[in-house]
Structures are given as structure tokens and as C-alpha cells.
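Breakdown of the fold
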Amino acid sequence: MSTARLTVDLGALVANWRALDAASSSATETGAVIKANGYGLGVEHVARALAKAGARKFFVAVAEEGAAVRETLGPEVEINVFAGHMRGDTDMIGDLNLRPMINSVDQMLRHVEALPGHPFGIQLDTGMNRLGMEPADWLAVRDTALELSPTLIMSHLACADEPDHAMNTRQLRLFKELTAGLGVPCSLSATGGILLGPEYHFDVTRPGIGLYGGLPFEEAAPVVRLDLPVIQVREIQAGESVGYGNTWVANDRAIIATVSGGYAEGIHRIIGPKTSLYAGDIPCPIRGRISMDSIGVDITHLTEEPQGLTLLGPQQGIDLIADNAGTIGYEVLTSLGERLTRRYKPA
Ligand SMILES: *Cc1c(COP(=O)(O)O)cnc(C)c1O
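Residues numbered from 1 in each chain as written. Predicted model: local features only at pLDDT ≥ 70, side-chain atom pairs only at ≥ 80, totals over all residues. Heavy atoms only, no water.

Description of the site of the ligand
Taken together, 14 residues form the shell around the ligand, and within it Lys35, Tyr39, Thr191, Ile209 and Tyr330 come nearest. At 3.4 Å from a nitrogen atom of the ligand is found a side-chain nitrogen or oxygen belonging to His156. For the ligand, the accessible surface in isolation is 390 Å², of which the surrounding protein chains cover 92%. Assessed atom by atom at 2 Å from the grid points, the ligand resides in the largest pocket. Here the shell around the ligand is built from residues that sort into eight nonpolar, three polar and three charged. (Near = heavy atom within 4 Å. Polar contact = N/O pair within 3.5 Å; in protein donor to acceptor, adjacent residues only side chain to side chain. Areas by Shrake-Rupley, 256 points an atom, 1.4 Å probe, with all protein chains shown as cover. 1 Å grid on protein atoms, 1.4 Å probe; cavity = no way out; pocket = protein on both sides within 12 Å on 5 of 7 lines; lining within 4 Å. Sits in = over half its atoms within 2 Å of the grid points. Nonpolar A, V, L, I, M, F, W, Y, C, P; charged D, E, K, R; others polar.)

Shown next as C-alpha cells:
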């Protein structure tokens, strides 16, 4: 088999959910964000493992994702949709019992007209200016909205991965002002907010990236491993080059392994010059440009030809690769391509 292999450790996923659950008091329910195909890892497997571990509140970005989760997990769990109630979503929301997180007065009208009595939450904007009702709009419709018994009022922190950022306390204060005394369950925090401490926990938390082993959850167990099979090995002499554009030229004789996997697998070209793959604990630097389907790797210093090399694993996690690409672990995960063979280690 020559396709690169992504191994997803569902035990580590569940351990991360439990650790984030333990970080808040038992009065706070820990949900799970499984949008974007479970951060690229395969939503069916991720959803099943988390449900089995006890997660009951799931969050997705759009109704179509919610439909897939409902099909996987059946009627018992709660599925909340961040995009709210969009035109064209009514049948899915109604038939599959999804809960839209209503983010505007227009959406609220659409929802109560199309699906009277159907559960929904309210999403408030507390400064991120991305999704959610503006405070003024909320204050204008609040009494009407409360009569319709929303199941959750939520907002989202813009800077939770920077604990000392003044934005955190500003958003916290505004969220409290907008929700105090309403008797509706509240939710403010994703992974970063959970780590800011109990004030930020409210009734429900919504961790995503921390479940999948990414920062800002530093203690997270790594969830993914990416192994690339070696498909050819050759010796080159000083002055020879490797890959498109001849960007790397050997100073000395070198042994180059060509591994299967490239930017079509979501291994961004930009990481090439800074990144090594691993043979066990031994780093083997990438040589030349990353191609669509293959990468040249320097194995001159190895004593044996390896069958495969590891890009993501205990030696090197998603945040290190993200650094090399000038991005964040979230993007590394959600870029992982369709062509990868995915294997799941059961929890
Ligand atoms: C993606 C998202 C989350 C999860 O965030 P993480 O940083 O991955 O934990 C929570 N809430 C909302 C509104 C989101 O968009």
C-alpha cells in the first residue's frame, strides 16, 4: 500500500474530552465541537467515541454537518448549529431535530415562523464581530425571545488563547450583562476559555481543538499520527538537485528517500525548508520542494532504509508543523486530505 496513513487515536480524543471536562465543575456540562468533519479527522468516528464517553451536546458549523451527526448518533444527543437557521435549512432542522444558534433578528423571525415551538439557542456578539446578535438588537428582542424559551445563550471569545488579553475580561463582562438573571443556560467558552478559569465556564463549554490534541490545550494527548511510506530510495552525488525547480542541491553525496504524500494530502509546500520527517526519533530533513504526491527526504544518516517516515506523531505534533507553515494547528488538521488512508485506534 502506498498511500500515506493517518492514524486517529480515539482513546487520546476521549482522554482530552475527559480532561477538559474535569477542568470545569460538575455544574458545567462539557459539549464537543465536531464541525468540519470533526476537525478533518472523520466525524462519524469522532462523534461515536465522544458520545460513548458521555458527551451529549454536540456543536457543528452548518446544518448539513448536523444532519450527518444525527444520522451517526441517532435521536438522543443534542446537535447545535452555529450558523443558525439559514434559508433552505428548515426541513433539515425540523426533520432531524437540530438546534439552530440564532444569530440575528431576521433568523429568529424565520425560525419561529417556519418551525414554531422548535428548540433553538441564541448567539450573541460580544465583540468578535463574527456571528451573533448585536447587544442592542438582543436587548430589543430579549423579552420576546425569552417567551419562546431558548435552550442556550452563547457567545464566543476572540482572544481566549491569550490569557492576559484585555478582550477576555471585556467580553466576559458584556456576556454577563446581557445574560444575567435570565434563567437560560449560558455558554461562552471553547478550549481557550475553559483554560481561562471557572468564571468563563457558565453552564456549557464548547471545546474543539483541545479534543484533537491542539493548542492552547498544552497538556493535550496527541491524537493524530501521519506516516508516509517510502516508495523509492536513491543515492545522489554532490551538485545534483532534488525536486521541482532544483531548489535544493546536494553539497555531498546523499541518500534521498521519496515518500508518498504531498500537498494533496494537506502537507503544505511552505513547510518544506523547515521540516523533518522522523525515522523513530531521528529527524530526516525534507529536501527540495514538496510535490502534489511525494516528498524527497534526506536519509543519508540512517543505518537502515526505513519503510516509512513519520510527519505527525509523538516526535512532532500539529502545532510544530503549523509553526513551520505560519499557521495554527486547526488549519493543519482540517487540511488533511481525502487521499489519506484513515485508521482509527479504538478508545
Ligand atoms: C470552532 C468553535 C468552537 C471550538 O473552538 P476551539 O478553539 O476549537 O475549542 C467553539 N465555539 C464556536 C462558536 C466555534 O466557532
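Here's the deal with the packing of aromatic side chains
Within the structure shown, the criterion is met by four aromatic pairs. Summarising the aromatic geometry, the rings of Tyr39 and Tyr212 are spaced 4.5 Å apart at their centres and angled 15° between planes, so their arrangement reads as stacked. You can see Tyr39 sitting in helix α2 (residues 35–39) and its partner Tyr212 sitting in the loop between β10 (204–205) and β11 (224–236), a full 173 residues away along the chain. Here Tyr39 and Tyr212 have matching classes, each one buried. Consider the rings of Phe59 and Phe82, whose centres lie 5.5 Å apart with planes at 15°: the pair is stacked. Of this pair, Phe59 sits in strand β4 (residues 57–60) while Phe82 sits in the loop between β5 (78–81) and α5 (90–95); the two residues are 23 residues apart in sequence, bridging distant segments of the chain. With respect to burial, Phe59 and Phe82 carry one shared label: buried. In textbook terms, an aromatic cluster arises when at least three aromatic residues are bridged by ring pairs, as seen for Tyr39, Tyr212 and Tyr330. (Phe/Tyr/Trp six-rings, centres within 6.5 Å; stacked < 30°, edge-to-face > 60°. Helix = DSSP H or I, 4+ residues; strand = E, 2+ residues; numbered from the N terminus. Buried < 20%, exposed > 50% of the residue type's maximum accessible area, 1.4 Å probe, protein only.)

Quick word on the domain arrangement of the chain
According to the domain assignment, the chain consists of domain 1 (9–212) and domain 2 (224–345). On the domain 2 side, the residues contacting the eleven residues of domain 1 number ten residues. Contact between domain 1 and domain 2 buries roughly 990 Å² in total, counting both sides, with carbon and sulfur atoms accounting for 65%. When residues of domain 1 are sorted by the area they lose upon contact with domain 2, Tyr39, Leu41 and Ile209 head the list and together hold 47% of the total. Put simply, domain 1 and domain 2 have zero salt bridges between them. Applying the counting criterion to the domain 1 and domain 2 interface returns three residue pairs in polar contact (both at pLDDT 80 or more). Looking at the side of domain 1 that touches domain 2, the elements that each hand over two or more residues are α1 (10–22) and α2. Taken together, the residues that form the side of domain 1 that touches domain 2 break down as six nonpolar, four polar and one charged. (Domains from an automatic or database assignment. Contact = heavy atoms within 4.5 Å. Buried area = accessible area lost by both parts, 1.4 Å probe. Salt bridge = Lys/Arg side-chain N within 4 Å of Asp/Glu carboxyl O.)

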